[in-house]
Amino acid sequence: MAKRKLSGSDIIIQCLLDAGVDTIFGYPGGAVLPIYDAIFRQNRLKHVLVRQEGGAVHMAEGHARSTGKLGVVLVTSGPGATNAVTGLADALMDSVPVLCLTGQVPTHLIGNDAFQEADTTGITRPCTKHNYLVKDVNDLARVMNEAMYVAKSGRPGPIVVDLPKDVLVAETYFDNSKLATVRHKTYRPKTKASAAAISEAVALIRDAKRPLFYCGGGIINSGPRASKLLTEFVHMTGFPITLTLMGLGGFPASDKRFLGMVGMHGTYESNLAMHDCDVMINIGARFDDRVTGLLSEFAPNSKKIHVDIDPSSINKNVRVDLPIIGDCASVLADLIKEWKAVNPKRNAKALAEWWAKIEKWRKRDCLHYQKSKTTIKPQYALERLYALTKDRDTYITTEVGQHQMWAAQFLKFEKPNHWMTSGGLGTMGYGFPAAIGVQMAHPKATVIDVAGEASILMNIQEMSTAVQYKLPVKIFILNNQWMGMVRQWQELLHGERYSNSYTESLPDFIKLAEAYGGVGLRVENPAELDGVIEEMLSVNDRPTIVDVRVDQKENCFPMIPSGKAHNEMILSPDAAAFDKSLV
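Residues numbered from 1 in each chain as written. Predicted model: local features only at pLDDT ≥ 70, side-chain atom pairs only at ≥ 80, totals over all residues. Heavy atoms only, no water.

Draft legend 1. Spatial organisation of the overall build of the protein. Across its full length, the protein holds 23 helices and 20 strands. With respect to the three principal axes, the spread of C-alpha positions in the protein is 70 × 60 × 45 Å. Buried positions account for 60% of the 583 residues belonging to the protein. The contacts of the protein with a sequence gap of at least 6 include a subset with a gap of at least 24, amounting to 77%. With an accessible surface of roughly 23300 Å², the protein has 50% of that area assigned to carbon and sulfur atoms. Within the protein, the 62 negative side-chain charges are centred at a point lying 6 Å from the centre of the 65 positive side-chain charges. (Helix = DSSP H or I, 4+ residues; strand = E, 2+ residues; numbered from the N terminus. Buried < 20%, exposed > 50% of the residue type's maximum accessible area, 1.4 Å probe, protein only. Contact = heavy atoms within 4.5 Å. Areas by Shrake-Rupley, 256 points an atom, 1.4 Å probe, with all protein chains shown as cover. Lys, Arg positive; Asp, Glu negative; His and termini not counted. Charge placed at Lys NZ, Arg CZ, Asp CG, Glu CD.)

Draft legend 2. Quick peek at unusual backbone geometry. Look at the link from F557 to P558: it is a cis peptide, with omega at 0°. Considering the arrangement of structural elements, one finds P558 in the segment after β20 (544–549). One non-glycine residue, K470, adopts positive backbone phi at about 55°. Along the polypeptide, K470 turns up in the loop between α20 (463–468) and β18 (474–479). Classification of K470 as exposed rests on a relative accessible area of 58%. With a phi angle near 60°, E496 is a residue other than glycine that sits in the positive phi range. With respect to the helices, strands and loops of the structure, E496 is situated in the loop between α21 (484–493) and α22 (509–516).

Draft legend 3. Summary view of the packing of aromatic side chains. Inspection of the entire model under this criterion finds 11 aromatic pairs. A ring pair is formed by Y214 and F287, whose centres lie 5.5 Å apart and whose planes are at 55°; its orientation type is tilted. A residue pair is termed long-range when its members are at least 10 positions apart, and Y214 in strand β9 (residues 211–215) and F287 in the loop between β12 (279–283) and α14 (289–292) qualify at 73 residues. We note that Y214, like F287, is buried. Measuring from centroid to centroid gives 5.8 Å for F233 and W339, while their planes differ by 85°, and the two rings are edge-to-face. Placement of F233 in helix α12 (residues 224–237) and of W339 in helix α15 (residues 328–342) is noted, with a sequence separation of 106 residues between them. This pair shows no difference in class: F233 is buried, exactly as W339 is. Members of the aromatic cluster, joined through ring pairs, are F213, F233, F239 and W339. (Phe/Tyr/Trp six-rings, centres within 6.5 Å; stacked < 30°, edge-to-face > 60°.)

Draft legend 4. Examining the pattern of salt bridges more closely. What the rule picks out here adds up to 20 salt bridges. The closest approach of N and O atoms between R257 and D255, which form a salt bridge, is 3.3 Å. Considered together, R257 and D255 belong to a single accessibility category, that of buried residues. Residue R542 is joined to D541 by a salt bridge in which the shortest nitrogen-to-oxygen separation is 3.2 Å. (Salt bridge = Lys/Arg side-chain N within 4 Å of Asp/Glu carboxyl O.)

Draft legend 5. Up close: the sheet that holds strand β15 (residues 394–398). Strand order in the open sheet formed by 6 strands is β16-β15-β17-β18-β20-β19, with parallel pairing between adjacent strands. In the strand order of this sheet, the two ends are held by β16 (419–420) and β19 (519–523), each with one partner. With 5 bridges connecting them, β15 and strand β17 (residues 446–452) associate as parallel partners. Residue I396 lies in a different strand from β17, and its bridge partner there is I448. The sheet strands contacting helix α18 (residues 402–410) are β15, β16, β17 and β18, and the helix crosses β17 at an angle near 135°. The sheet contacts of helix α23 (residues 529–538) involve β17, β18, β19 and β20, and relative to β19 the element is tilted by about 170°. (Pairing = 2+ DSSP bridges. Axes fitted to C-alpha atoms, helices over the stretch in contact; angles between N-to-C directions.)

Draft legend 6. Layout of the environment of G216. Turning to its location among the elements, G216 is positioned in the loop between β9 and α11 (217–221). Among the residues examined, G216 registers a relative accessible area of 0% and is labelled buried. Taking the C-alpha atoms as reference points, G216 and L245, 29 residues apart in sequence, are found 7.4 Å from one another.

Draft legend 7. Broad picture of the packing of helix α17 (residues 378–389) against α23. The N-to-C vectors of α17 and α23 enclose an angle of 50°; their axes lie 10 Å apart at closest approach. Compared by their axis directions, α17 and α23 come out oblique. Viewed along their axes, α17 and α23 form a crossing whose handedness is right-handed. From α17, Y380, A381, R384, L385, L388 and T389 reach across to α23, where they touch L529, D530, I533, E534, M536 and L537. Classifying every residue of the contact of α17 with α23 by side-chain character gives 8 nonpolar, 1 polar and 3 charged. (Parallel < 35°, antiparallel > 145°, perpendicular 65-115°, else oblique. Left-handed = near helix turned anticlockwise from the far one by under 90°. Nonpolar A, V, L, I, M, F, W, Y, C, P; charged D, E, K, R; others polar.)

Draft legend 8. Expanded view of the side chain of H306. Tracing the chain through its elements places H306 in strand β13 (residues 303–308). A distance of 3.4 Å separates polar atoms of two side chains, one belonging to H306 and the other to D308. Aside from chain neighbours lying at most four places away, what touches H306 is N282, A285, F287, S313, I314, V320, L322, P323 and I324. (Polar contact = N/O pair within 3.5 Å; in protein donor to acceptor, adjacent residues only side chain to side chain.)

Draft legend 9. The sheet that holds β12, seen in detail. Spatial ordering of the open sheet is given by β11-β10-β9-β12-β13-β14, a layout of 6 strands whose pairing is parallel. Each end of this open sheet is capped by a strand with a single partner; those strands are β11 (258–261) and β14 (322–325). Strand-to-strand, the axes of this sheet are offset by a mean angle of 15°, without reference to chain direction. Where β12 lies against β13, 5 bridges are found, and the strand directions are parallel. Its bridge partner lying in β13, N282 is registered against H306. Packing against the sheet, helix α16 (residues 348–362) makes contact with β9 and β11, and its axis sits at approximately 45° to β11.

Next up, the structure:
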């Protein structure tokens, strides 16, 4: 490409197009109007007008997580940038590649408390993987390409590029033919593990008597190949596997070797297997506190292998015996190759005994609940939702709370990138805008946000966005009129003092949906549930809100109480006998 003289705004658009970006989520304001002019002058990059900047970042997250591509956000200076902070923190915690372009006052006004000025780079430094303030248009193309590289490389994460208005209107000569392949001068993540580490891992896995694969979001971020290789390696070894909340879909849920989700609301068999295992093979998980429970009691008799592309995650929470730095797909390919070469003889007797023990735990049927013919149980609602959508190309997002955990327990994912939830930050209001981002990326798919009646109100203004773009996103509200998880903790851990957790003055969700131009449905009787779900699924040109009135007192079990070891679980039948004085 020959050098052309372009404005800073046109350079930004060209860099995005050269990187394969096709959609951007944003909200205009004075500082970024030059970029909006550049968007107006082209027709390749689609802009989605959001109703609040926080929603824009969550939409970009949903778009990125369902495609494996970069999500892009455009917001103005000052409040536009500060409104994006929660979404950026969410993307950082969950390792989502997001590029957030923020407007800024002209360079000569920076530091003068100008109108709509904020120290965007200072504010976002703790909640981004990296950020930039561009003060010279001649640096802009390099920074844009470097920012996109950093966002997607290694452990993915959000990047902010702060753009003063005078840089956006200034012109310079632009040739992206070389810059499009730019990499950071010092940031070069290691993706391939050492041969010695692979050999040592295979030896540990070979000699295991009570092995367990413990895998997380790193499997998803590594791409579909990593999930295929993980499935192949698990089948080769014959070992059990558990997944974190962020890892769901990384291994087929229907596979008999899958023990279910691990952690605070994970299955009985997965948590006890993790506690009792003698070799733990951690691939792409970070030993989160919601998984480990009381650290001093975590998997006390196990040798731990930890595969992670981020060196800072190794030994951060749990000391491991064998750290392996590398990309999950690359490491799994090497493990499979070494396993085949060694052709190890496993301890069949010990492995059979281990599976027999696991099957005894499985027989506890830890997800069992009391069904009702008159009241819709939230678990039943999700079982029916899954039954009626499992044969579709279905993507699930969630808000945060009890409904989120029930969705993780009762919805089954056979492949990656179809489950989007806020795991690390636990952001109420994430699910609906994320679903809009998913639907933009997959216009013919069925996209459902499993929500609570409290969480959905956090970003309900994005109904206007969904209606404008004729997006058939489904909002499936499990409405128990409580901030459900708050109420559950207050019941079990805070002496039944229900302080400000009952949601009063809720809107009529049918009228709310109709006011925006969407479809509103309600169901209160279990016998009518299937019909309402099918009606919801039939709407294909606008968003639908389904108000599912569920049992108000139902709690989410199993549950590891805060501060307890990960094998000290409360199961549903034991809840009444739980000694609350122990907490």
